[in-house]
Amino acid sequence: VSWMLVVFMVGCSSGPQRVAAPRIDPQRAASQAMEMYDVDHDGKLNEAELAKCPGVLISLPKYDTNHDKMVDAEEFANRLTELLRNRTGATQLGCNITYDGRPLGDAKVVFEPEPYLGSEIQAAEGVTTNIGQAPVGMPADKQPAALKSMKLIQYGTFKVRITHPTINLPAKYNTETTLGYETIPGEPFVTFALASK
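Because the structure is a prediction, the values reported are computed rather than measured.

*Asks:* Please provide a residue-by-residue account of the nonpolar core, values included.
*Replies:* In summary, soluble globular proteins display a tendency toward joint burial of nonpolar side chains. The biggest cluster of nonpolar side chains holds 43 residues, and the ones touching the most others in it are Phe76, Phe111, Tyr116, Ile162, Phe192 and Leu194. Elements supplying a minimum of two residues to this core: helix H1 (26-37), helix H4 (60-63), helix H5 (73-84), strand S5 (94-99), strand S7 (108-113), strand S10 (157-163) and strand S12 (189-194). In contact with Tyr116, other than residues within four places in its own chain, are Ala29, Gln32, Ala33, Met36, Tyr37, Cys53, Val56, Phe76, Leu80 and Thr157.

In structure tokens, the structure reads:
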């Protein structure tokens, strides 16, 4: 299966086939993230604290511009500004999931937006086929009528939770997830390699 990247931008046109870009204040979002995750109140998020925000942790080099292996509020806000600078409304994303090296079919994958992004960012989800692939999308009722048949995800930072109807996947993939994702412009795929041990 090949995935085609489709990006919907906010522009001058008021045509129906556009997903509005979410309104996110990077400074405010950064402040909220610090309040949520800065356990030791030193004004920086270290790798242990970022374990609660895996989407940022896996993208740490993009946040940590001074290379001290921590993220302060300014770095956080700067990264969000960069991520959202094109005012992209939504994009397509294909998810590939393997388990112990084999494609995992019938897995439900949920991309849960980090709370500091605000209420306009929707969760997106999908169910894998027998070859372990799934397009993920937010609720159809949150999309313009002309796009309801498409699977779209908004730009942002997400916790990822993966469950299966018959396989008891480790908690680190769902209830205590260590999986994260942050939108990468021009990258319409993400792969999660799960293991039983």
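*Asks:* Just give me the short version of the packing of aromatic side chains, but keep the residues and values in it.
*Replies:* Counted according to the given criterion, the structure contains 6 aromatic pairs. Both rings, one in Phe111 and one in Phe158, keep their centres 6.2 Å apart while their planes meet at 75°; by these two values the pair is edge-to-face. Here Phe111, found in strand S7, pairs with Phe158, found in strand S10; they are 47 residues apart in sequence, far enough to count as distant. Across the pair, exposure class does not vary: Phe111 and Phe158 are buried alike. Linked through ring pairs, Phe111, Phe158, Tyr181 and Phe192 together constitute an aromatic cluster. A cation over an aromatic ring shows up here: Arg79 above the ring of Tyr63, its NZ or CZ 5.9 Å from the ring centre.

*Asks:* Account for the side chain of His164, with residues named and values stated.
*Replies:* Examined against the element boundaries, His164 turns out to sit in the loop between S10 and strand S11 (180-182). Assessed through its relative accessible area of 16%, His164 is described here as buried. A distance of 3.1 Å separates a polar atom in the side chain of His164 from the backbone nitrogen of Thr166. Within the structure, His164 has its side chain in polar contact with the backbone nitrogen of Ile167 (distance 3.1 Å). The residues contacting His164, other than those within four sequence positions of it, are Leu104, Gly105, Asp106, Ala107 and Leu169.

*Asks:* Now, about the packing of H1 against H5: what can you tell me, with residues and values included?
*Replies:* In a packed pair of helices, the relevant descriptors are the angle between the two axes and the axis-to-axis distance. The geometry of H1 relative to H5 is characterised by a closest axis approach of 8 Å and an angle of 135° between their N-to-C directions. When the axes of H1 and H5 are compared, the pair comes out oblique. By crossing handedness, the relation of H1 to H5 is classed as right-handed. In contact with Pro26, Gln27, Ala29, Ala30, Ala33 and Met34 of H1, H5 contributes Ala73, Phe76, Ala77, Leu80 and Thr81. When the residues that make up the contact of H1 with H5 are grouped by side-chain class, the tally is 9 nonpolar, 2 polar and no charged.

*Asks:* Can you break down the pairing of S10 residue by residue, with the values?
*Replies:* Within S10, 5 of the 7 residues are buried, which leaves the element mostly enclosed by the surrounding structure. In the sheet, S7 pairs with S10 via 6 bridges, with the strands oriented antiparallel. From the neighbouring strand, Val109 faces S10, where its bridge partner is Ile162. Looking at chain direction, S10 and S11 are connected through 3 bridges and run antiparallel. From the neighbouring strand, Lys159 faces S11, where its bridge partner is Gly180.

*Asks:* Residues and numbers for the pattern of salt bridges, please.
*Replies:* Using the criterion set out here, one finds 7 salt bridges in the structure. Across the salt bridge formed by Glu182 and Arg79, the nearest N and O atoms sit 2.8 Å from each other. With a gap of 103 residues between them, Glu182 in strand S11 and Arg79 in helix H5 connect regions that are remote in the sequence. Pair check on accessibility: Glu182 and Arg79 agree, each one buried. The salt bridge partner of Glu114 is Lys159, with a shortest N-O separation of 3.0 Å. Of this pair, Glu114 sits in the loop between S7 and strand S8 (124-127) while Lys159 sits in strand S10, placing them 45 residues apart in sequence. Glu114 sits in the buried class, given a relative accessible area of 1%. Look at Lys159 and you get buried, because its relative accessible area is 14%.

Cut-offs used in this document
Residues numbered from 1 in each chain as written. Predicted model: local features only at pLDDT ≥ 70, side-chain atom pairs only at ≥ 80, totals over all residues. Heavy atoms only, no water. Core = buried A, V, L, I, M, F, W, Y, C linked by side-chain atoms within 4.5 Å. Buried < 20%, exposed > 50% of the residue type's maximum accessible area, 1.4 Å probe, protein only. Helix = DSSP H or I, 4+ residues; strand = E, 2+ residues; numbered from the N terminus. Contact = heavy atoms within 4.5 Å. Phe/Tyr/Trp six-rings, centres within 6.5 Å; stacked < 30°, edge-to-face > 60°. Lys NZ or Arg CZ within 6 Å of the ring centre and 35° of its normal. Polar contact = N/O pair within 3.5 Å; in protein donor to acceptor, adjacent residues only side chain to side chain. Axes fitted to C-alpha atoms, helices over the stretch in contact; angles between N-to-C directions. Parallel < 35°, antiparallel > 145°, perpendicular 65-115°, else oblique. Left-handed = near helix turned anticlockwise from the far one by under 90°. Nonpolar A, V, L, I, M, F, W, Y, C, P; charged D, E, K, R; others polar. Pairing = 2+ DSSP bridges. Salt bridge = Lys/Arg side-chain N within 4 Å of Asp/Glu carboxyl O.

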